[in-house]
Amino acid sequence: MINTVTETKRKFNVEEVRKDFPILKRLVNGKPLVYLDNAATTQKPQSVIDALTHYYTYDNANIHRGLYFLSELATEQYENARLKVKEFINAISASEIIFVRGTTEAINLVASSLCRTKYFREGDEIIISNMEHHSNIVPWQLIRDRKNINLKVIPINDNGEIQLDEFEKLITEKTKLVSIVHISNTLGTINPVKEIIKIAHSYKIPVLIDGAQAMSHLKIDVQELDADFYAFSGHKVFGPTGIGVLYGKTEYLEMMPPYQGGGDMIRTVTFEKTTFEDIPRKFEAGTPNIAGGIGLGAAIDYLNQFDRTELINYENSLLEYATNRLMEIEGLKIIGTAKKKASVISFIIEGIHPYDIGTIIDTDGIAIRTGHHCTQPIMRRFNIPATARASFSFYNTKEEIDKFVESLIKVKQIFAS
Ligand code: PMP
């Protein structure tokens, strides 16, 4: 039977959407805020702010423990948020959704937990890429030094793209894990993670995807990608800080020992021996970020109102517009020119330090990020100390991009005089 029921989605209209984000009305240095630092963190719609206020005002109690009304209510809302995440990324089961503090903790969880098993043996290899965020480098270095294993790095070309043939050449019988960023926070590159996973799986190697940037720019289906682990942060997807997700396939999560010990993750404790809860609670020791989980659920509800393709297309139009406008500025060079890019643009301007760019345009109320963006190996690859980075979300406008470009022209004039 053909299913004729179609869900009615809210039509995307940028001016209407901007009204949902109260911070966008504020002034900075007497000018309307132009927020172009969405890769660092995204702004929060009123519905997320309301969910947090409502929880603390009416429903606050600790979860999983009390048999009283409020505790059950808080537990239900927190577990409901887990279900929303499960649906959002199309996991098979809610037990594959581990709530953590963010992408950083998710990756550290996998690294620390696997380090305590016999999974890695001396001489084994983990493959990452040259465009990883420090949070997908340092956790592996920490266990490399404890387990005497090797980190191998997939090189990137001058456009900031991973080369799949180079990746395959790095694989040996000692390769035990591949850990790759989905979208680079510095270059904007969208990596071919589905192909990377397919290649790795043909050698029976599991793959962790750092989805910190991808979650807000793409529609993620972990089953379609066949990712073994997928990590992301709530605050980069319009939710609160201090909450994030590690998705893991059941077979891996069940094999892995707990990351931290404490309350809520145990079945029985004696001084001699402790038995643990099933997943996901095995990995969630102590009182979690209950409000954060509920807030992340509200952020998912917010996004689910829309047809995500409309948001993605709009962001792509901003990327194209901003790229063209920036290229009008003499001496400006974009770092990261991959064919497949999300709306993140890193750039340098000849003779002007990125810090000066960021500081001067801040006086016009424009927020961009400057520095190495926690990706020092990318800076080294392109032989630059830092970049300025503008990153756009679906609540940004072409008018904001025009203001940004005008402000950059002013920076150039200041330095010319
Ligand atoms: N990976 C990438 C690609 C990121 O952009 C970030 C945040 N800048 C992280 C990991 C770490 O995320 P968090 O700080 O939220 O843990």
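First, a word on scope: everything that follows refers to the structure included in this document. (Residues numbered from 1 in each chain as written. Predicted model: local features only at pLDDT ≥ 70, side-chain atom pairs only at ≥ 80, totals over all residues. Heavy atoms only, no water.)

Our focus in this paragraph is the overall build of the chain. Looking only at helices and strands, the chain features 15 helices and 17 strands. For a compact globule of 417 residues, the expected C-alpha radius of gyration is about 22 Å, and the chain comes in at 22 Å, within 12% of that figure. Oriented by its inertia axes, the alpha-carbon framework of the chain measures out at about 75 × 55 × 50 Å. Per-residue burial over the chain gives 56% buried out of 417 residues. (Helix = DSSP H or I, 4+ residues; strand = E, 2+ residues; numbered from the N terminus. Rg over C-alpha atoms; globule rule 2.2 N^0.38 Å. Buried < 20%, exposed > 50% of the residue type's maximum accessible area, 1.4 Å probe, protein only.)

With that out of the way, let us pick up the packing of helix 12 (residues 308-327) against helix 15 (residues 398-416). In contact at an axis separation of 10 Å, helix 12 and helix 15 are set at 20° when each is read in the N-to-C sense. Taken together, the axes of helix 12 and helix 15 lie roughly parallel to each other. Crossing handedness for the pair helix 12 and helix 15: right-handed. Residue-level inspection shows Ser317, Leu318, Tyr321, Ala322, Arg325 and Leu326 of helix 12 in contact with helix 15, the latter providing Lys398, Ile401, Asp402, Phe404, Val405 and Leu408. Class assignment for the residues of the contact of helix 12 with helix 15 results in 8 nonpolar, 1 polar and 3 charged. (Axes fitted to C-alpha atoms, helices over the stretch in contact; angles between N-to-C directions. Parallel < 35°, antiparallel > 145°, perpendicular 65-115°, else oblique. Left-handed = near helix turned anticlockwise from the far one by under 90°. Contact = heavy atoms within 4.5 Å. Nonpolar A, V, L, I, M, F, W, Y, C, P; charged D, E, K, R; others polar.)

This part is about the environment of Arg369. You can see Arg369 is positioned in strand 16 (residues 369-371). A residue is classified by how much of its surface remains accessible, and Arg369, at 36% relative accessible area, is partly exposed. Sequence-wise, Arg369 and Ser391 are 22 residues apart; in three dimensions their C-alpha atoms are separated by 8.5 Å. In contact with Arg369, not counting residues within four places along its chain, are Asp37, Ala40, Thr387, Ala388 and Arg389. A distance of 3.1 Å separates the side chain of Arg369 from the side chain of Asp37, its partner in a polar contact. (Polar contact = N/O pair within 3.5 Å; in protein donor to acceptor, adjacent residues only side chain to side chain.)

Moving on to the site of the ligand. Taken together, 13 residues are adjacent to the ligand, and Thr104, Asp210, Gln213, Ser233 and Lys236 come closest. Measuring from an oxygen atom of the ligand, one finds a side-chain N or O atom of Thr104 at 2.6 Å. Here Asp210 contributes a side-chain N or O atom positioned 2.6 Å from a nitrogen atom of the ligand. Notes on the ligand: free accessible area 390 Å², of which the protein chains cover 85%. Residues belonging to the shell around the ligand are distributed by class as follows: 2 nonpolar, 9 polar and 2 charged. (Near = heavy atom within 4 Å. Areas by Shrake-Rupley, 256 points an atom, 1.4 Å probe, with all protein chains shown as cover.)

This part is about the pattern of salt bridges. A pair can form between side chains of opposite charge whenever their charged atoms are brought close. A full pass over the atoms with the stated rule returns 25 salt bridges. One salt bridge connects Glu310 with Lys11, and the closest N-O pair in it is separated by 2.9 Å. Here Glu310, found in helix 12, pairs with Lys11, found in the segment before helix 1 (14-19); they are 299 residues apart in sequence, far enough to count as distant. Shared partners join several salt bridges into a network, and the residues in it are Lys31, Asp364 and Lys410. (Salt bridge = Lys/Arg side-chain N within 4 Å of Asp/Glu carboxyl O.)

As a further point, take the environment of Leu67. Mapped onto the fold, Leu67 is located in the loop between helix 2 (46-59) and helix 3 (69-89). Each C-alpha atom, one on Leu67 and one on Ser112, is 34 Å from the other, the two residues being 45 residues apart in sequence.

Now for helix 15. If you check helix 15, its first and last C-alpha atoms are 27 Å apart, about what 19 residues at 1.5 Å a residue would give, namely 27 Å. Turning to helix 15, its buried residues are Glu400, Ile401, Phe404, Val405, Ser407, Leu408 and Val411. Angularly, the buried residues of helix 15 cover 160° about the axis, an arc narrow enough to put them on a single face. Away from its buried face by more than 90 degrees, helix 15 exposes Glu399, Glu406, Gln413 and Ala416. (Expected span 1.5 Å × (residues − 1). Arc of directions from axis to C-beta.)

In this structure, Pro280 follows Ile279 across a cis peptide bond, with omega equal to 5°. Here Pro280 is to be found in the loop between strand 12 (274-276) and helix 11 (290-304). Phi angles above zero are rare outside glycine, and Asn90 is one such case at about 55°. For Asn90, a relative accessible area of 32% translates into the label partly exposed.

A few words now on the environment of Val85. For Val85, the position within the fold is in helix 3. Judged by relative accessible area, Val85 falls into the buried class, the value being 0%. Sequence separation between Val85 and Ile300 is 215 residues, and the spatial gap between their C-alpha atoms is 7.4 Å. The residues touching Val85, leaving out its near neighbours within four places in the chain, are Ile97, Phe99, Phe232, Val245, Leu296 and Ile300.

What follows covers the nonpolar core. If you look at the biggest cluster of nonpolar residues, it comprises 103 residues, and the most contacted ones within it are Tyr230, Phe347, Ile368, Phe394, Phe404 and Leu408. Taken domain by domain, the makeup of this core includes at least three residues from each of domain 1 (14-37 + 307-411) and domain 2 (50-304). Setting aside chain neighbours within four positions, we find Leu408 in contact with Leu326, Ile329, Leu332, Phe347, Ile349, Ile357 and Ile361. If you look at the next biggest cluster of nonpolar residues, it comprises 28 residues, including Leu109, Ala111, Tyr252 and Leu253. (Core = buried A, V, L, I, M, F, W, Y, C linked by side-chain atoms within 4.5 Å. Domains from an automatic or database assignment.)

Looking at the secondary structure, you find His373 in the loop between strand 16 and helix 14 (376-382). The class for His373 is buried, based on a relative accessible area of 7%. A distance of 2.6 Å separates a polar atom in the side chain of His373 from a polar atom in the side chain of Thr387. Once residues within four sequence positions are removed from consideration, His373 is found in contact with His133, Asn185, Thr186, Ser346, Met379, Thr387 and Arg389.

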